[in-house]
Amino acid sequence: MNIFFRELKANFKSLLIWGVIVILFNTVGFAKFTAYYENPELLEVLNGMPPAMLAAFNMNAFNLTTISGFFGVMITFFGLLLSISAVMWGSDIISKEERDKTVEFSLTLPVRRSSIVTAKTLAALVNSIALLGITWGITLVSVSKYQPGEDFYKFLTLGMLALFIVQIVFLAVGIFLGCAMKQHKRASSTAVFLLLGTYFLSIISGMSENLEFLKYFSPFKYFDPAMLLHESKIDLTFVWLSVGIIAASMIGAYVTYSKRDLYI
Amino acid sequence: MNIYKHEFKMKINSVIAWSLAVGLMIFIYLSIFSSIEIDAKLFNEMMASFPEEFLIAFGMTDIDMSTILGFFGLIFLFIQIGLAIQAANYGFSLVSVEETDLTADFLLAKPVGRTKIMTSKLLAAITGLTITNLVVWISSFVFLRMYSDGGQFETKPVLVLMLSIAIFQLFFLTVGMLISLLVKRVRSVPPYSMALVFGLYVLNAFGGMIGEDKLEILSPFKHFEPNYILKHAAYDLPLAWISVVVIVISIIGSYVLYSRKNIRSAV
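Residues numbered from 1 in each chain as written. Chains lettered and ligands numbered in written order. Predicted model: local features only at pLDDT ≥ 70, side-chain atom pairs only at ≥ 80, totals over all residues. Heavy atoms only, no water.

Draft legend 1. How the structure looks around the overall build of chain B. When its secondary structure is counted, chain B shows eleven helices and zero strands. Secondary structure of chain B in N-to-C order comes out as α-α-α-α-α-α-α-α-α-α-α. Residue burial in chain B is summarised as follows: out of 267 residues, 51% are buried. Of all intrachain contacts in chain B linking residues separated by at least 6 positions in sequence, the fraction that spans at least 24 positions is 79%. Roughly 12000 Å² of accessible area belongs to chain B as shown, and the carbon and sulfur atoms make up 68% of that amount. (Helix = DSSP H or I, 4+ residues; strand = E, 2+ residues; numbered from the N terminus. Buried < 20%, exposed > 50% of the residue type's maximum accessible area, 1.4 Å probe, protein only. Contact = heavy atoms within 4.5 Å. Areas by Shrake-Rupley, 256 points an atom, 1.4 Å probe, with all protein chains shown as cover.)

Draft legend 2. Spotlight on the overall build of chain A. The helix and strand inventory of chain A stands at ten helices and zero strands. For chain A, the sequential pattern of α-helices and β-strands runs α-α-α-α-α-α-α-α-α-α. By residue count, 53% of the 264 residues in chain A fall in the buried class. In chain A, 75% of the contacts between residues at least 6 apart in sequence involve partners at least 24 apart. A total of about 12400 Å² of accessible surface is found on chain A, and carbon and sulfur atoms cover 65% of it.

Draft legend 3. How the structure looks around the nonpolar core. Grouped together as the largest cluster of nonpolar side chains are 145 residues, with contacts concentrated most on A:Phe71, B:Phe72 and B:Phe172. Contacts of A:Phe71, omitting those with residues within four sequence positions, involve A:Phe30, A:Phe78, A:Thr139, A:Phe152, A:Phe155, A:Leu156 and A:Met160. (Core = buried A, V, L, I, M, F, W, Y, C linked by side-chain atoms within 4.5 Å.)

Draft legend 4. Representation of the pattern of salt bridges in the model. All names here are of chain A. One pass over the full model with this rule turns up eleven salt bridges over all chains. With a shortest N-O distance of 2.8 Å, Glu7 and Lys96 are connected by a salt bridge. Note that Glu7 is positioned in helix H1 (residues 2-36) and Lys96 in helix H4 (residues 67-99), a separation of 89 residues in sequence. For the residue pair Glu7 and Lys96, the accessibility class agrees, reading buried in each case. In this structure, the salt-bridge partner of Asp92 is Arg99, at a minimum N-O distance of 3.0 Å. With relative accessibility at 15%, the residue Arg99 sits in the buried group. When salt bridges with common partners are traced through the structure, they connect Glu7, Lys96, Glu97 and Lys120 into a single cluster. (Salt bridge = Lys/Arg side-chain N within 4 Å of Asp/Glu carboxyl O.)

Draft legend 5. Highlighting the packing of aromatic side chains. Counted by the stated rule, this structure contains 28 aromatic pairs over all chains. Taken together, the ring pairs connect B:Phe168, B:Phe171, B:Phe172, B:Phe198, B:Tyr201, B:Phe221, B:Phe224 and B:Tyr235 into an aromatic cluster. (Phe/Tyr/Trp six-rings, centres within 6.5 Å; stacked < 30°, edge-to-face > 60°.)

Draft legend 6. A look at unusual backbone geometry. Residues and elements named next belong to chain B. Positive phi is not limited to glycine here, since Leu102 has a value of about 60°. Mapped onto the secondary structure, Leu102 falls in the loop between helix H4 (68-100) and helix H5 (104-108). The backbone of Ala233 sits at a positive phi, close to 55°, despite the residue not being glycine. You can see Ala233 is positioned in the loop between helix H10 (226-232) and helix H11 (237-260).

Draft legend 7. Just a nonpolar patch on the surface, in detail. All names here are of chain A. A cluster of nonpolar residues, Phe213, Tyr216, Phe217 and Leu241, forms a patch on the protein surface that exposes about 410 Å² of accessible area. Considering the arrangement of structural elements, one finds Leu241 in helix H10 (residues 236-258). Exposure remark for Leu241: the relative accessible area of 31% places this residue in the partly exposed category. (Patch = residues over 30% accessible without salt bridge, like charges linked within 9 Å, V, L, I, M, F, W, Y side chains within 5 Å.)

Draft legend 8. The packing of helix H6 (residues 114-147) of chain B against H11(B), seen in detail. All names here are of chain B. Contact pair H6 / H11: the axes reach a minimum separation of 9 Å and the direction vectors enclose 130°. Looking at the two axes, H6 sits oblique to H11. The two elements H6 and H11 cross, and the hand of that crossing is right-handed. Every residue of H11 that contacts H6 at Arg114, Thr115, Ile117, Met118, Thr119 and Leu122 is listed here: Ser254, Tyr255, Tyr258, Ser259 and Arg260. Among the residues making up the contact of H6 with H11, the classes are represented as five nonpolar, four polar and two charged. (Axes fitted to C-alpha atoms, helices over the stretch in contact; angles between N-to-C directions. Parallel < 35°, antiparallel > 145°, perpendicular 65-115°, else oblique. Left-handed = near helix turned anticlockwise from the far one by under 90°. Nonpolar A, V, L, I, M, F, W, Y, C, P; charged D, E, K, R; others polar.)

Draft legend 9. Expanded view of helix H7 (residues 150-180) of chain A. With 31 residues, H7(A) should cover 45 Å at 1.5 Å per step; its first-to-last C-alpha distance of 45 Å lies within 8% of that length. With 22 of 31 residues buried, H7(A) lies mostly within the body of the structure. (Expected span 1.5 Å × (residues − 1).)

Draft legend 10. Structural context of the side chain of A:Ser218. Looking at the element boundaries, A:Ser218 is found in the loop between helix H8 (184-207) and helix H9 (225-230). Excluding anything up to four places from it in sequence, A:Ser218 contacts A:Thr198, A:Leu201 and A:Ser202.

Draft legend 11. Inspection of a positive patch on the surface at higher detail. Residues A:Lys13, B:Lys184, B:Arg185 and B:Arg264 make up a contiguous surface patch of positive charge. As for its placement among the helices and strands, A:Lys13 is situated in helix H1. Judged by its relative accessible area of 63%, A:Lys13 falls in the exposed class. (Lys, Arg positive; Asp, Glu negative; His and termini not counted. Charge placed at Lys NZ, Arg CZ, Asp CG, Glu CD.)

Draft legend 12. Representation of the side chain of B:Thr100 in the model. Residue and element names in this part refer to chain B. Following the sequence through the fold, Thr100 ends up in helix H4. Polar contacts involving the side chain of Thr100 include one to the main-chain carbonyl oxygen of Ser96, which spans 2.9 Å. Here Val97 takes part through its backbone oxygen, which lies 3.2 Å from a polar atom of the side chain of Thr100. Not counting residues up to four positions away in its chain, the partners in contact with Thr100 are Val186 and Arg187. (Polar contact = N/O pair within 3.5 Å; in protein donor to acceptor, adjacent residues only side chain to side chain.)

Draft legend 13. Molecular detail of helix H1 (residues 2-31) of chain B. Taking 1.5 Å as the rise per residue, H1(B) with 30 residues should run 44 Å; its terminal C-alpha atoms sit 42 Å apart, in good agreement. At B:Lys11, H1(B) shows its maximal kink, close to 40°. (Bend = angle between axes of the 7 residues up to and from the residue.)

Draft legend 14. Inspection of the packing of H7(A) against H10(A) at higher detail. Residues and elements named next belong to chain A. Running from amino to carboxyl end, H7 crosses H10 at an angle of 20°, the nearest separation of the two axes being 8 Å. Our classification of the angle between H7 and H10 gives roughly parallel. Considering only the axes of H7 and H10, their crossing is left-handed. Contacts between H7 and H10 involve Ile165, Ile168, Val169, Ala172, Val173, Ile175, Phe176, Cys179 and Ala180 from the first element and Val239, Ser242, Ile245, Ile246, Ser249, Met250, Gly252, Ala253, Thr256 and Tyr257 from the second. Residues that form the contact of H7 with H10 fall into these classes: 15 nonpolar, four polar and no charged.

This is how it looks when you write it as C-alpha cells:
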C-alpha cells in the first residue's frame, strides 16, 4: 500500500503535465471546430455530393460540421496521446528503480517482488484512468455549448471505453517490457519502437484491403470510430484480443520480474 | 578526438538499429504500392470530382496516390517521424547522459574545455545521424526504382526531398539538446523526445486537417512537408528558414548554457 501511494506521488507531476497537454489539445481542437460548426458552405458541399460517395469515404463519420463527426476525428489523436502516456508510465514505473539506483532499497523492503509489481501496476493504472477522466471531463466541457443530443453522449461514452481498452493494452505491454528487459535502458526505447511500429501498421492497414489483416497487430485499429458512431457497438473480437494481450503481458511481467537478475 | 571516438562507439548500435528500421520501413511501404495502385486510381478519380474547398478542409489537396511519388510523399511523413525521434533521442541524451549515468565528474575532470566536449559530442551525433540519412537516400532510390513502373520516376523532386533530411534531423537534435539543458534534470530520454516529436507532429497534422490556424508554422513537419516538396521540387523557403533559425539559436544557446551549467556531482 505504501508503495502504491509513493508511486502515485512520484508520478503526480507527470500526470499533471499530460493533463495539461490533453486539455490544451482539446481546447485548440474545439476552438477550430467553431469555424466548422454548421458552416453553411461546407454543409452545402456535403449535401451536393451523391450519398454513395459519402459512404465510400466514410465521410458520414467524419462530417466535420457535426459535433459527433468532429469528435470522431479527434478521438484518433486522443488515442495516440493516451497510449503514449500509458506505455511510458508502464515501462518507466518498474525500470526507473534501476536507473535511479533505488532498486536495492525497494527490494530489501519486506514485501515480495510480486506485490511490488502489483502496487506499481495499480498506481500506473490509476494514473491512466485519471488522464482518461481528464480527457472525458474536458471534452464534456468543450461540447456543452453546442448542446449535442443523446447520440453524441452515447458515442462519447463508447469512445472513452475504447480509449480505455487501448490505454490498458499499452500499459500492460509497457509494464511487461519494464520487467522483462535485461537492460533497464532498453525498456522505454523498445516501448517507443513498439508504439511507433503499431501506429505505422495502423496506417498501412487502412491503405489497402489486402493488408487489412494487419489491423490485428495494431491496437490503434481495434476500435473504429466510424463503427462506434454508426453502429454504437464495440467489436467484441478485438475486446477479447485486447484482454488476451493484457493477460499475457501481466503474467509475463510477474514471471520475469520474480526471476529477474538486477542491475546494480 | 578521443571523446568523439568514444561517443561514436557508444552510438553505433543504435545508429545501425535505426537505419535498419527506417530502411525496412521504406521497403515495406514501397512494396505494398503495387497492391494499392489500382484502388488509388479510383480514389483519384473520385477526388477530382470533389470541390477544391472541401479538399483543403481535409488536407488532401496535394495527394496523388496513383503515382509512386505521390504515394512516397504520403509515406515519407512516417519516415520523418522515425528520423525525428532518433535525432531527438540523441539530442536529449547528448550531455544529459553523463549526469544520469553519473559519469559527468569523470568527464569534466579531463583536461578539455566544456566547449570542446560539446563539439565532439555534437559531431559524433551528427555523424551517426548522417549514416542513417545515407541509408534513407540509398534505400529510397533503390526501392523507388524497383517498385515504380519500369523504373521511371522524376529524380529531382526526390533529390530535393532527400536534401531536406539533414536540416530536419538537425532541428530535432539541437532543439532536444537545448531543452535538455534548460530543464533541471533529464531522468529518462524517451518521454521528452516522444513529447517533442509527437507534439510537433500532431500540431501539424491537426492544423493541416482543419486549415486556417497558424500554429503549425512552428513545426518542422510543416516546414518540410513531403507533398509540397515533391510537387514543386522546391522548399517552402520562408518556412524552411524558420527551421534554420531555430537550429542556429539552439546551438548557440546550448553552448552558452552548457558552459555555465552547474553539474550535479555523483557523490
